[in-house]
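Residue strings, one per chain:
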Amino acid sequence: MTQITPFKRILMTGAAGGLGKVLRDRIKPWATIVRLSDLADMGEARDGEEVVRCDLSDKAAVLALMEGVDAVLHFGGISTEAHFDDIMQANILGVANLYEAIHKAGVKRVVFASSNHAVGYYKTTDMVDASMPTRPDSMYGVSKCFGESLSRYYYDRFGIETVCLRIGSSFPAPINKRMMTTYFSYDDLVECLRCCLFAPRVGHTIAFGVSDNDGKWWDNRFAAHLGFKAKDSSTKFNDLFPDTSEFPAADDITTIYQGGKFLLDGPKYR
Ligand code: NAI
Ligand code: 15L
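A brief look at the structure comes next.

Rules used throughout
- Residues numbered from 1 in each chain as written.
- Chains lettered and ligands numbered in written order.
- Predicted model: local features only at pLDDT ≥ 70, side-chain atom pairs only at ≥ 80, totals over all residues.
- Heavy atoms only, no water.
- 1 Å grid on protein atoms, 1.4 Å probe; cavity = no way out; pocket = protein on both sides within 12 Å on 5 of 7 lines; lining within 4 Å.
- Points joined across faces, edges and corners; volume = space filled by probe spheres on them.
- Nonpolar A, V, L, I, M, F, W, Y, C, P; charged D, E, K, R; others polar.
- Helix = DSSP H or I, 4+ residues; strand = E, 2+ residues; numbered from the N terminus.
- Expected span 1.5 Å × (residues − 1).
- Buried < 20%, exposed > 50% of the residue type's maximum accessible area, 1.4 Å probe, protein only.
- Contact = heavy atoms within 4.5 Å.
- Near = heavy atom within 4 Å.
- Polar contact = N/O pair within 3.5 Å; in protein donor to acceptor, adjacent residues only side chain to side chain.
- Areas by Shrake-Rupley, 256 points an atom, 1.4 Å probe, with all protein chains shown as cover.
- Pairing = 2+ DSSP bridges.
- Right-handed = clockwise from strand over helix to strand, strands pointing away.

**Here we look at the layout of surface pockets**
Unoccupied space between atoms shows up once a probe the size of one water molecule is rolled over them.
Working step 1: As a volume, the second largest pocket reaches approximately 340 Å³.
Working step 2: Looking at the second largest pocket, it is lined by 13 residues, and the ones nearest its centre are Lys177, Met180, Thr181, Asp214 and Asp243.
Working step 3: For the lining of the second largest pocket, the class distribution of residues is four nonpolar, six polar and three charged.

Here's what the structure looks like:
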């Protein structure tokens, strides 16, 4: 059977990171060439790959990185709360450089790995959808809101389509009770990315990256056009966190608000 490869070259940033390593092989069927990029070492290029070390804060390097690319999966950057100087370089300047390069290279479709921490100051008793204002819980969350706004601007100005995927917790398994609600399995992540790249039209979409967990806090009705349906659920991990303690606990803001421990981590200035 002939394999359909609609993209000529997909660029994935953050390829040396936790999710980048998981996605590396799994995105290959979607393009003739996958260009992998990160600040850190990614090892040798394998079949169908190009490997380019690049600091997202280096404008000229990011422009060169984008040459010949027709779709982008943007996973690079600081992925937790950190000093603002570092967040500014990687997640603010880095994303600005990325979108300018995307525009210059004529890229039409982008998936931006946003985060649930863009809305981490909603309560764990709230149901959040994409029409509600952002409520970041950290400088990291603020930087994701910046990426969401910047991609909206490039869509309105130039028609560059982006799905901002507010990923919950994408790890092999939940590592605390909060993640029973925010868990996003790797299989669901891959299928969701496939939908984000291949849906006929996405405009500028805000979507929540979460499996079909019990008691979810996020409503994906404004992303229905992606056609993504989660197949996994955290219920298979119920034994890890027996449901005994009170949640949310009245005196613990890390359970009262969706962002969990991120609420206590920042802001950090040198
Ligand atoms: P990670 O921290 O393991 O990977 C991020 C990668 O970005 C690293 O390999 C790092 O070297 C690279 N990077 C950092 N600064 C850079 C710079 N200035 N230039 C180029 N590369 C740079 O994070 P992970 O877990 O793989 O997440 C990937 C993306 O998904 C991140 O943007 C993160 O914010 C987002 N995300 C991940 C979630 C998860 O559950 N894993 C949840 C929500 C969002
Ligand atoms: C994120 O945005 C982080 O990148 C990831 O490391 C987890 O902390 C995740 O959120 C989470 O909320 O569990």
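**Details of helix H4 (residues 139-158)**
Working step 1: The terminal C-alpha atoms of H4 lie 28 Å apart, and with 20 residues this matches the ideal 28 Å at 1.5 Å per residue to within 8%.
Working step 2: Listing the buried residues of H4 in full gives Met139, Tyr140, Gly141, Ser143, Lys144, Cys145, Gly147, Glu148, Leu150, Ser151, Tyr154 and Tyr155.
Working step 3: Looking at the buried side of H4, the elements it contacts are helix H3 (84-105), strand S5 (109-115), strand S7 (161-167), strand S8 (204-209) and helix H8 (262-265).
Working step 4: Positive backbone phi, approximately 80°, marks Gly159, located one or two places after H4.

**What about the site of ligand 2?**
Working step 1: Looking at ligand 2, the residues that line it are Ser79, Ser115, Asn116, His117, Tyr140, Gly168, Ser169, Phe171, Arg178, Met179 and Phe262.
Working step 2: Note that an oxygen atom of ligand 2 is positioned 2.5 Å from one of the backbone N or O atoms of Ser79.
Working step 3: One nitrogen or oxygen atom from the side chain of His117 is found 2.7 Å from an oxygen atom belonging to ligand 2.
Working step 4: Protein chains bury 83% of the 320 Å² of accessible surface belonging to ligand 2 in isolation.

**A short note on the pairing of S5**
Working step 1: Burial runs high along S5: seven of the seven residues are buried.
Working step 2: In S5, alternate side chains face the same way, and those of Arg109, Val111, Ala113 and Ser115 on one face and Val110, Phe112 and Ser114 on the other are all buried.
Working step 3: Where strand S4 (residues 71-74) meets S5, four bridges bridge the pair, whose relative direction is parallel. Bridging across to S5, His74 finds its partner in Phe112.
Working step 4: Read from S4 through H3 to S5, the crossover connection turns out right-handed.
Working step 5: Looking at chain direction, S5 and S7 are connected through seven bridges and run parallel. Considered in S7, the bridge of Val110 is made with Thr162.

As far as function goes, none of this settles anything; it's purely spatial.
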